[in-house]
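# Understanding the architecture of this molecule
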Amino acid sequence: MHVLIVEDEINLAKELQHFLTKANYNCDLSLTGKDASEKIAVNLYDFVLLDLTLPDYEGLDLLAEARQVGQEAAFIILTARGELDDRLKGLELGADDYLPKPFSLLELQARMQAIIRRKFGLKKTKLTIGQFEVDTNNYTVKHDQHNINLTKKELDILTYLLLHKNRVLTRLQLSEHIWGNILEDDYDSNYIDVHIKNIRKKLGAYGETSWLETVRGMGYRINVANS
């Protein structure tokens, strides 16, 4: 999952980044509204953790702007401002949750997981496709009782495709998911093709993988009809 942390308190921002990275989230960090606005315009995020009081931006304006450009991320407002009007306005603008400061990092993680379950219709942490099972909590993939050794990035790609099953994901979308802000990183989109090839090879040693489709000129898709 690709997360943007928008927080001008640098110690809290770093603490959030460290905690969520350890929990297998891929985190970008913005200390100003301007930087966050630029990142939101060019990256696809699963979550935006948004402080309302920024040095150069009103957080609610940033949320409204993000929705206008079609950003589909789940927004969780993190703020010391507890006024009811702020909460209601944030929810009206499309925020998914509201967590007042100070808050527990474990509570934040639980709320993010609840949003993931709602967004993707998940009632459990194990995703299945064909005869394969991906455990999103333990970060493992199995065929029957056999553990299959995928790298972290291979598991990230497979899980992301499963969460968006039957939808074509472009190489750019997959790259942003596992590498973050690709405009700032040295990356090669061919890496996605290499990872997909490795996933097919490793899973194919145990079972059928025709459900992992290449959509010519576009990207990749998990087609449940072929599972």
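All of the points below concern the structure found in this document. Just so you know, these numbers come straight off a predicted model, no measurement behind them.

The rules behind the values
- Residues numbered from 1 in each chain as written.
- Predicted model: local features only at pLDDT ≥ 70, side-chain atom pairs only at ≥ 80, totals over all residues.
- Heavy atoms only, no water.
- Helix = DSSP H or I, 4+ residues; strand = E, 2+ residues; numbered from the N terminus.
- Buried < 20%, exposed > 50% of the residue type's maximum accessible area, 1.4 Å probe, protein only.
- Contact = heavy atoms within 4.5 Å.
- Areas by Shrake-Rupley, 256 points an atom, 1.4 Å probe, with all protein chains shown as cover.
- Pairing = 2+ DSSP bridges.
- Axes fitted to C-alpha atoms, helices over the stretch in contact; angles between N-to-C directions.

It is worth spelling out the overall build of the chain at this point. When its secondary structure is counted, the chain shows 8 helices and 12 strands. Counting across all 227 residues of the chain, residues that qualify as buried make up 48%. For the chain, the share of sequence-separated contacts (at least 6 apart) that also reach a separation of at least 24 residues comes to 58%. Counting only carbon and sulfur atoms, one obtains 49% of the accessible surface of the chain, whose full area is about 11,500 Å².

Let us look at the sheet that holds strand β8 (residues 140-143). If you trace the 4 strands from one edge of the open sheet to the other, you get β6-β7-β8-β9, paired in antiparallel fashion. In the strand order of this sheet, the two ends are held by β6 (126-129) and β9 (146-147), each with one partner. Bridge count for strand β7 (residues 132-135) against β8 is 4 bridges, and the pairing is antiparallel. Of the residues in β8, the one forming a bridge with glutamate 133 is lysine 142. The sheet strands contacting helix α6 (residues 152-163) are β6, β7 and β8, and the helix crosses β6 at an angle near 80°.

Our next topic: the side chain of glutamate 154. Within the secondary structure, glutamate 154 is located in helix α6. The exposure class assigned to glutamate 154 is buried, which follows from its relative accessible area of 2%. Those residues in contact with glutamate 154, other than ones at most four positions away along the chain, are His195, Asn198, Ile199 and Lys202.

Our focus in this paragraph is the environment of tyrosine 25. Considering the arrangement of structural elements, one finds tyrosine 25 in the loop between α1 (10-22) and β2 (26-30). Since its relative accessible area comes to 8%, tyrosine 25 is described here as buried. C-alpha separation for the pair tyrosine 25 and aspartate 46, spaced 21 residues apart in sequence, amounts to 9.8 Å. Ignoring anything within four residues of it in the chain, the contact list for tyrosine 25 reads Met1, Val3, Leu20, Phe47, Met112, Gln113 and Ile116.

A word on the pairing of strand β12 (residues 219-222). The sheet contact formed by strand β10 (residues 169-170) and β12 spans 2 bridges and is antiparallel. Directly across from threonine 170, in β12, lies its bridge partner glycine 219. Taken together, strand β11 (residues 212-215) and the strand that follows it, β12, pair antiparallel across an intervening segment of 3 residues, in which glycine 217 is found at a positive phi of about 75°.

Another point: the sheet that holds β11. A sheet is described by the order of its strands in space; here 3 strands give the open sequence β10-β12-β11, paired in antiparallel fashion. The sheet is open, and its two borders are formed by β10 and β11, each paired with just one other strand. Across the sheet, α6 lies against β10, β11 and β12, angled at about 65° from β12, the strand it touches most. Running over the sheet, helix α8 (residues 190-204) touches β11 and β12 and is turned about 150° from β11.

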